[in-house]
Number of protein chains: 2
Amino acid sequence: MTILFENGGGQMDERVKEAFYKIYEGEAKAALRLKLFANKADQEGLPQIAQLFRVIASSEEVHGERALRMLREIKDTESNLKESFGSETHVAGVAYDHFIRLATEAGDTNAANIFSHSKDVEDVHANLYKKAMGHLMEERETSYYVCKVCGYVSDGVWPDVCPVCSAPKDQFVEFR
Amino acid sequence: MTILFENGGGQMDERVKEAFYKIYEGEAKAALRLKLFANKADQEGLPQIAQLFRVIASSEEVHGERALRMLREIKDTESNLKESFGSETHVAGVAYDHFIRLATEAGDTNAANIFSHSKDVEDVHANLYKKAMGHLMEERETSYYVCKVCGYVSDGVWPDVCPVCSAPKDQFVEFR
(Lines give C-alpha, C1' and ligand atoms only; values in the text may rest on other atoms or scores of the structure.)
Protein backbone atom coordinates (compact mmCIF):
# COMPACT_ATOMS: atom_id res chain seq x y z
CA MET A 1 0.00 0.00 0.00
CA THR A 2 1.25 3.44 -0.85
CA ILE A 3 0.60 5.90 1.94
CA LEU A 4 0.29 9.50 0.84
CA PHE A 5 0.63 12.57 2.99
CA GLU A 6 0.12 16.25 2.44
CA ASN A 7 3.12 18.18 1.27
CA GLY A 8 2.81 21.82 0.37
CA GLY A 9 -0.44 21.43 -1.53
CA GLY A 10 0.67 18.15 -3.11
CA GLN A 11 1.00 14.66 -1.74
CA MET A 12 4.14 12.65 -1.16
CA ASP A 13 4.60 9.02 -2.06
CA GLU A 14 5.78 6.87 0.87
CA ARG A 15 8.93 5.75 -0.99
CA VAL A 16 9.85 9.34 -1.80
CA LYS A 17 9.29 10.24 1.84
CA GLU A 18 11.62 7.41 2.87
CA ALA A 19 14.19 8.67 0.38
CA PHE A 20 14.11 12.11 1.99
CA TYR A 21 14.59 10.54 5.45
CA LYS A 22 17.57 8.56 4.17
CA ILE A 23 19.02 11.72 2.64
CA TYR A 24 18.58 13.65 5.90
CA GLU A 25 20.39 10.86 7.75
CA GLY A 26 23.19 10.41 5.23
CA GLU A 27 23.87 14.11 4.77
CA ALA A 28 23.82 14.83 8.53
CA LYS A 29 26.36 12.04 9.09
CA ALA A 30 28.53 13.31 6.23
CA ALA A 31 28.44 16.90 7.53
CA LEU A 32 29.63 15.88 11.01
CA ARG A 33 32.32 13.54 9.68
CA LEU A 34 33.64 16.23 7.30
CA LYS A 35 33.87 18.79 10.11
CA LEU A 36 36.06 16.37 12.07
CA PHE A 37 38.14 15.68 8.95
CA ALA A 38 38.57 19.49 8.72
CA ASN A 39 39.89 19.67 12.29
CA LYS A 40 42.28 16.82 11.51
CA ALA A 41 43.56 18.62 8.39
CA ASP A 42 44.14 21.75 10.50
CA GLN A 43 46.17 19.67 12.96
CA GLU A 44 48.25 18.37 10.04
CA GLY A 45 48.98 21.94 8.89
CA LEU A 46 46.70 21.73 5.82
CA PRO A 47 44.35 24.72 6.26
CA GLN A 48 43.16 24.76 2.63
CA ILE A 49 42.12 21.11 2.77
CA ALA A 50 40.47 21.89 6.11
CA GLN A 51 38.55 24.70 4.43
CA LEU A 52 37.46 22.38 1.61
CA PHE A 53 36.11 19.84 4.13
CA ARG A 54 34.21 22.62 5.96
CA VAL A 55 32.75 24.01 2.73
CA ILE A 56 31.54 20.59 1.62
CA ALA A 57 30.15 19.93 5.13
CA SER A 58 28.11 23.10 4.73
CA SER A 59 26.90 21.94 1.31
CA GLU A 60 25.82 18.57 2.77
CA GLU A 61 23.90 20.46 5.45
CA VAL A 62 22.01 22.28 2.69
CA HIS A 63 20.97 18.88 1.28
CA GLY A 64 19.91 17.68 4.72
CA GLU A 65 17.98 20.89 5.33
CA ARG A 66 16.20 20.59 2.00
CA ALA A 67 15.11 17.05 2.91
CA LEU A 68 13.85 18.14 6.35
CA ARG A 69 11.91 21.00 4.78
CA MET A 70 10.26 18.66 2.27
CA LEU A 71 9.31 16.40 5.18
CA ARG A 72 7.82 19.38 7.06
CA GLU A 73 10.04 18.57 10.05
CA ILE A 74 10.85 22.18 10.93
CA LYS A 75 7.86 23.55 12.77
CA ASP A 76 7.34 26.63 14.96
CA THR A 77 9.72 27.17 17.88
CA GLU A 78 7.27 26.11 20.57
CA SER A 79 6.74 22.77 18.79
CA ASN A 80 10.48 22.42 18.13
CA LEU A 81 11.23 22.90 21.85
CA LYS A 82 8.61 20.32 22.84
CA GLU A 83 9.90 17.83 20.29
CA SER A 84 13.50 18.37 21.40
CA PHE A 85 12.54 17.92 25.06
CA GLY A 86 10.75 14.65 24.24
CA SER A 87 13.64 13.44 22.17
CA GLU A 88 16.25 14.12 24.89
CA THR A 89 14.15 12.39 27.50
CA HIS A 90 13.90 9.31 25.28
CA VAL A 91 17.60 9.33 24.38
CA ALA A 92 18.70 9.65 28.04
CA GLY A 93 16.17 7.26 29.56
CA VAL A 94 15.90 4.59 26.88
CA ALA A 95 18.69 4.64 24.28
CA TYR A 96 21.70 5.45 26.46
CA ASP A 97 20.41 3.24 29.29
CA HIS A 98 20.34 0.34 26.85
CA PHE A 99 23.86 1.14 25.61
CA ILE A 100 25.20 1.30 29.18
CA ARG A 101 23.76 -2.17 29.89
CA LEU A 102 25.26 -3.55 26.68
CA ALA A 103 28.71 -2.16 27.44
CA THR A 104 28.56 -3.38 31.05
CA GLU A 105 27.57 -6.88 29.89
CA ALA A 106 30.46 -6.82 27.41
CA GLY A 107 32.82 -5.79 30.23
CA ASP A 108 33.74 -2.55 28.40
CA THR A 109 34.03 -0.09 31.29
CA ASN A 110 35.40 2.67 29.10
CA ALA A 111 32.42 2.55 26.72
CA ALA A 112 30.00 2.27 29.65
CA ASN A 113 31.53 5.44 31.14
CA ILE A 114 31.23 7.34 27.87
CA PHE A 115 27.58 6.29 27.47
CA SER A 116 26.93 7.26 31.09
CA HIS A 117 28.44 10.72 30.51
CA SER A 118 26.26 11.21 27.45
CA LYS A 119 23.14 10.11 29.32
CA ASP A 120 23.85 12.68 32.04
CA VAL A 121 24.44 15.39 29.44
CA GLU A 122 21.18 14.57 27.63
CA ASP A 123 19.39 14.95 30.98
CA VAL A 124 20.92 18.42 31.27
CA HIS A 125 19.69 19.25 27.76
CA ALA A 126 16.17 18.14 28.71
CA ASN A 127 16.26 20.49 31.71
CA LEU A 128 17.46 23.39 29.57
CA TYR A 129 14.60 22.81 27.12
CA LYS A 130 12.13 22.60 29.99
CA LYS A 131 13.37 25.94 31.32
CA ALA A 132 13.11 27.48 27.86
CA MET A 133 9.57 26.10 27.40
CA GLY A 134 8.52 27.76 30.65
CA HIS A 135 9.96 31.12 29.66
CA LEU A 136 9.38 31.18 25.94
CA MET A 137 8.39 34.84 25.98
CA GLU A 138 10.75 36.03 28.72
CA GLU A 139 14.02 36.14 26.89
CA ARG A 140 17.14 36.57 28.96
CA GLU A 141 20.77 36.86 27.90
CA THR A 142 23.16 34.18 29.08
CA SER A 143 26.47 32.57 28.18
CA TYR A 144 26.77 28.83 27.81
CA TYR A 145 29.90 26.72 28.24
CA VAL A 146 30.16 23.38 26.39
CA CYS A 147 32.66 20.73 27.50
CA LYS A 148 34.68 19.54 24.49
CA VAL A 149 35.21 16.11 26.08
CA CYS A 150 31.68 15.00 27.04
CA GLY A 151 29.40 17.75 25.70
CA TYR A 152 28.18 18.94 29.14
CA VAL A 153 26.40 22.31 28.87
CA SER A 154 26.75 24.83 31.69
CA ASP A 155 24.23 27.69 31.77
CA GLY A 156 25.83 31.00 32.80
CA VAL A 157 28.77 29.62 34.82
CA TRP A 158 32.20 28.59 33.52
CA PRO A 159 32.92 25.48 35.63
CA ASP A 160 36.38 24.88 37.14
CA VAL A 161 35.94 21.18 36.48
CA CYS A 162 33.32 19.43 34.35
CA PRO A 163 30.74 17.95 36.75
CA VAL A 164 30.11 15.06 34.34
CA CYS A 165 33.55 13.97 33.08
CA SER A 166 35.97 15.96 35.30
CA ALA A 167 37.64 17.70 32.33
CA PRO A 168 39.48 20.89 33.37
CA LYS A 169 38.24 24.47 32.79
CA ASP A 170 40.22 24.98 29.57
CA GLN A 171 38.23 22.20 27.89
CA PHE A 172 35.12 24.40 27.83
CA VAL A 173 34.07 26.44 24.79
CA GLU A 174 32.11 29.62 25.53
CA PHE A 175 28.96 30.52 23.59
CA ARG A 176 27.53 33.99 24.05
CA MET B 1 29.23 -14.85 17.19
CA THR B 2 30.84 -11.82 18.76
CA ILE B 3 33.29 -10.15 16.43
CA LEU B 4 36.05 -8.20 18.16
CA PHE B 5 38.22 -5.52 16.65
CA GLU B 6 41.23 -3.57 17.78
CA ASN B 7 40.53 -0.36 19.62
CA GLY B 8 43.37 1.63 21.12
CA GLY B 9 45.17 -1.38 22.55
CA GLY B 10 41.93 -3.03 23.66
CA GLN B 11 39.21 -4.79 21.72
CA MET B 12 35.64 -3.71 21.12
CA ASP B 13 32.61 -5.95 21.37
CA GLU B 14 30.51 -5.96 18.20
CA ARG B 15 27.37 -4.76 20.07
CA VAL B 16 29.30 -1.89 21.63
CA LYS B 17 30.64 -0.99 18.20
CA GLU B 18 27.07 -0.97 16.84
CA ALA B 19 26.02 1.25 19.74
CA PHE B 20 28.71 3.77 18.82
CA TYR B 21 27.53 3.75 15.18
CA LYS B 22 23.95 4.37 16.30
CA ILE B 23 25.14 7.20 18.52
CA TYR B 24 27.11 8.80 15.68
CA GLU B 25 24.01 8.62 13.49
CA GLY B 26 21.54 9.87 16.10
CA GLU B 27 23.74 12.72 17.31
CA ALA B 28 24.61 13.87 13.78
CA LYS B 29 20.90 13.99 12.91
CA ALA B 30 20.09 15.85 16.13
CA ALA B 31 22.87 18.40 15.54
CA LEU B 32 21.61 19.26 12.05
CA ARG B 33 17.95 19.40 13.13
CA LEU B 34 18.80 21.67 16.07
CA LYS B 35 20.74 24.09 13.85
CA LEU B 36 17.66 24.46 11.65
CA PHE B 37 15.47 24.91 14.75
CA ALA B 38 17.90 27.69 15.75
CA ASN B 39 17.44 29.45 12.40
CA LYS B 40 13.68 29.16 12.81
CA ALA B 41 13.84 30.67 16.32
CA ASP B 42 15.90 33.56 14.92
CA GLN B 43 13.22 34.15 12.28
CA GLU B 44 10.61 34.24 15.06
CA GLY B 45 12.61 36.91 16.94
CA LEU B 46 13.74 34.52 19.70
CA PRO B 47 17.55 34.87 19.65
CA GLN B 48 18.07 33.32 23.12
CA ILE B 49 16.17 30.19 22.17
CA ALA B 50 18.14 30.16 18.91
CA GLN B 51 21.35 30.30 20.95
CA LEU B 52 20.17 27.41 23.15
CA PHE B 53 19.47 25.26 20.09
CA ARG B 54 22.94 26.06 18.66
CA VAL B 55 24.66 25.30 21.98
CA ILE B 56 22.93 21.95 22.30
CA ALA B 57 23.68 21.18 18.63
CA SER B 58 27.34 21.73 19.45
CA SER B 59 27.04 19.41 22.48
CA GLU B 60 25.46 16.69 20.30
CA GLU B 61 28.36 17.07 17.89
CA VAL B 62 30.75 16.36 20.78
CA HIS B 63 28.88 13.09 21.42
CA GLY B 64 29.01 12.19 17.73
CA GLU B 65 32.71 13.02 17.59
CA ARG B 66 33.44 10.89 20.63
CA ALA B 67 31.68 7.94 18.96
CA LEU B 68 33.62 8.41 15.71
CA ARG B 69 36.89 8.60 17.63
CA MET B 70 36.10 5.37 19.49
CA LEU B 71 35.35 3.75 16.11
CA ARG B 72 38.70 5.00 14.73
CA GLU B 73 36.84 6.67 11.84
CA ILE B 74 38.98 9.80 11.73
CA LYS B 75 42.20 8.88 9.96
CA ASP B 76 44.96 10.97 8.39
CA THR B 77 43.97 13.62 5.84
CA GLU B 78 45.12 11.66 2.80
CA SER B 79 42.89 8.72 3.83
CA ASN B 80 40.03 11.07 4.74
CA LEU B 81 40.17 12.65 1.26
CA LYS B 82 40.19 9.25 -0.43
CA GLU B 83 37.28 8.04 1.68
CA SER B 84 35.30 11.22 1.00
CA PHE B 85 35.94 10.94 -2.73
CA GLY B 86 34.73 7.33 -2.72
CA SER B 87 31.69 8.21 -0.68
CA GLU B 88 30.64 11.08 -2.99
CA THR B 89 31.05 8.91 -6.05
CA HIS B 90 28.80 6.26 -4.49
CA VAL B 91 26.20 8.79 -3.31
CA ALA B 92 26.00 10.50 -6.72
CA GLY B 93 26.13 7.38 -8.89
CA VAL B 94 24.13 4.90 -6.81
CA ALA B 95 22.04 6.46 -4.02
CA TYR B 96 20.75 9.62 -5.74
CA ASP B 97 20.30 7.76 -9.04
CA HIS B 98 18.03 5.33 -7.22
CA PHE B 99 16.09 8.17 -5.57
CA ILE B 100 15.61 9.94 -8.92
CA ARG B 101 14.14 6.73 -10.40
CA LEU B 102 11.83 6.30 -7.39
CA ALA B 103 10.54 9.86 -7.59
CA THR B 104 10.07 9.64 -11.36
CA GLU B 105 8.10 6.39 -11.00
CA ALA B 106 5.97 8.03 -8.32
CA GLY B 107 5.33 10.99 -10.66
CA ASP B 108 6.90 13.43 -8.19
CA THR B 109 8.75 15.83 -10.51
CA ASN B 110 9.62 18.22 -7.72
CA ALA B 111 11.36 15.52 -5.66
CA ALA B 112 13.07 14.14 -8.79
CA ASN B 113 14.44 17.63 -9.50
CA ILE B 114 15.74 18.03 -5.95
CA PHE B 115 17.45 14.62 -6.08
CA SER B 116 18.90 15.48 -9.47
CA HIS B 117 20.33 18.76 -8.12
CA SER B 118 21.90 16.91 -5.20
CA LYS B 119 23.39 14.28 -7.52
CA ASP B 120 25.01 17.03 -9.62
CA VAL B 121 26.34 18.74 -6.49
CA GLU B 122 27.82 15.47 -5.16
CA ASP B 123 29.62 15.08 -8.50
CA VAL B 124 31.10 18.55 -8.00
CA HIS B 125 32.25 17.51 -4.50
CA ALA B 126 33.92 14.42 -5.94
CA ASN B 127 35.84 16.60 -8.42
CA LEU B 128 36.93 18.98 -5.66
CA TYR B 129 38.25 16.05 -3.61
CA LYS B 130 40.03 14.68 -6.68
CA LYS B 131 41.71 18.05 -7.23
CA ALA B 132 42.71 18.20 -3.56
CA MET B 133 44.09 14.64 -3.68
CA GLY B 134 46.25 15.57 -6.64
CA HIS B 135 47.67 18.65 -4.91
CA LEU B 136 47.78 17.56 -1.31
CA MET B 137 51.09 19.27 -0.69
CA GLU B 138 50.61 22.30 -2.93
CA GLU B 139 48.28 24.39 -0.87
CA ARG B 140 46.63 27.36 -2.55
CA GLU B 141 44.25 29.97 -1.16
CA THR B 142 40.79 30.17 -2.62
CA SER B 143 37.30 31.34 -1.76
CA TYR B 144 34.34 29.00 -2.10
CA TYR B 145 30.71 29.94 -2.66
CA VAL B 146 27.97 27.57 -1.48
CA CYS B 147 24.42 27.84 -2.88
CA LYS B 148 21.95 27.94 0.01
CA VAL B 149 19.24 26.36 -2.16
CA CYS B 150 20.91 23.27 -3.62
CA GLY B 151 24.35 23.16 -1.96
CA TYR B 152 26.34 23.74 -5.20
CA VAL B 153 29.97 24.62 -4.43
CA SER B 154 31.78 27.09 -6.67
CA ASP B 155 35.59 27.17 -6.41
CA GLY B 156 36.98 30.73 -6.63
CA VAL B 157 34.14 32.33 -8.64
CA TRP B 158 30.94 33.89 -7.26
CA PRO B 159 28.36 32.76 -9.89
CA ASP B 160 25.69 35.16 -11.17
CA VAL B 161 23.26 32.26 -11.28
CA CYS B 162 23.62 28.79 -9.76
CA PRO B 163 24.51 26.41 -12.62
CA VAL B 164 22.64 23.57 -10.88
CA CYS B 165 19.39 25.10 -9.57
CA SER B 166 19.36 28.61 -11.15
CA ALA B 167 19.24 30.39 -7.77
CA PRO B 168 20.38 34.04 -8.01
CA LYS B 169 23.77 35.40 -6.86
CA ASP B 170 22.51 36.54 -3.43
CA GLN B 171 21.70 32.94 -2.50
CA PHE B 172 25.42 32.12 -2.27
CA VAL B 173 27.38 32.12 1.00
CA GLU B 174 31.07 32.95 0.73
CA PHE B 175 33.73 30.89 2.54
CA ARG B 176 37.27 32.24 2.63
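That block above? That's the structure.
What you see is a predicted model, and the numbers here were worked out from it, not measured in a lab. (Residues numbered from 1 in each chain as written. Chains lettered and ligands numbered in written order. Predicted model: local features only at pLDDT ≥ 70, side-chain atom pairs only at ≥ 80, totals over all residues. Heavy atoms only, no water.)

S.K.: Before we move on, can you summarise the overall build of chain A with the specific residues and values?
M.R.: What chain A contains, in helices and strands, is four helices and five strands. Reading chain A from its N end, one meets helices and strands in the order β-β-α-α-α-α-β-β-β. Considered along the principal axes of its C-alpha atoms, chain A spans approximately 55 × 45 × 45 Å. Buried residues in chain A amount to 50% of all 176 residues. Of the contacts formed within chain A by residues at least 6 apart in sequence, a portion of 47% connects residues at least 24 apart. Accessible surface computed for chain A: about 8300 Å², of which carbon and sulfur atoms make up 50%. For chain A, the centre of its 21 positive side-chain charges and the centre of its 29 negative side-chain charges are spaced 2 Å apart. (Helix = DSSP H or I, 4+ residues; strand = E, 2+ residues; numbered from the N terminus. Buried < 20%, exposed > 50% of the residue type's maximum accessible area, 1.4 Å probe, protein only. Contact = heavy atoms within 4.5 Å. Areas by Shrake-Rupley, 256 points an atom, 1.4 Å probe, with all protein chains shown as cover. Lys, Arg positive; Asp, Glu negative; His and termini not counted. Charge placed at Lys NZ, Arg CZ, Asp CG, Glu CD.)

S.K.: Go over the sheet that holds strand E4 (residues 153–155) of chain B, please, and point to the residues and values.
M.R.: One open sheet accounts for three strands, arranged E4-E3-E5 (chain B); its pairing is antiparallel. Here the strands that pair on one side only, and so sit at the sheet edges, are E4 and strand E5 (172–175) of chain B. Averaged over all neighbouring strand pairs, the angle between strand axes comes to 25°, with direction disregarded. The pairing of strand E3 (residues 144–147) of chain B with E4 of chain B spans three bridges and is antiparallel. Bridging from a neighbouring strand, Val146 of chain B pairs with Val153 of chain B of E4 of chain B. On the sheet, helix H2 (residues 47–70) of chain A packs against E3, E4 and E5 of chain B and is oriented at approximately 10° with respect to E3 of chain B. On top of the sheet, helix H4 (residues 109–134) of chain B reaches E3 and E4 of chain B; it is set at about 35° to E4 of chain B, its chief contact. (Pairing = 2+ DSSP bridges. Axes fitted to C-alpha atoms, helices over the stretch in contact; angles between N-to-C directions.)

S.K.: Please set out the environment of Glu88 of chain A residue by residue, giving values where relevant.
M.R.: By secondary structure assignment, the location of Glu88 of chain A is in helix H3 (residues 77–105). Sequence spacing of Glu88 of chain A and Lys119 of chain A is 31 residues, and the spatial spacing of their C-alpha atoms is 9.1 Å. Discounting residues that sit within four places of it in the chain, Glu88 of chain A has contacts with Glu122, His125, Ala126 and Tyr129 of chain A together with Ile56 and Glu60 of chain B.

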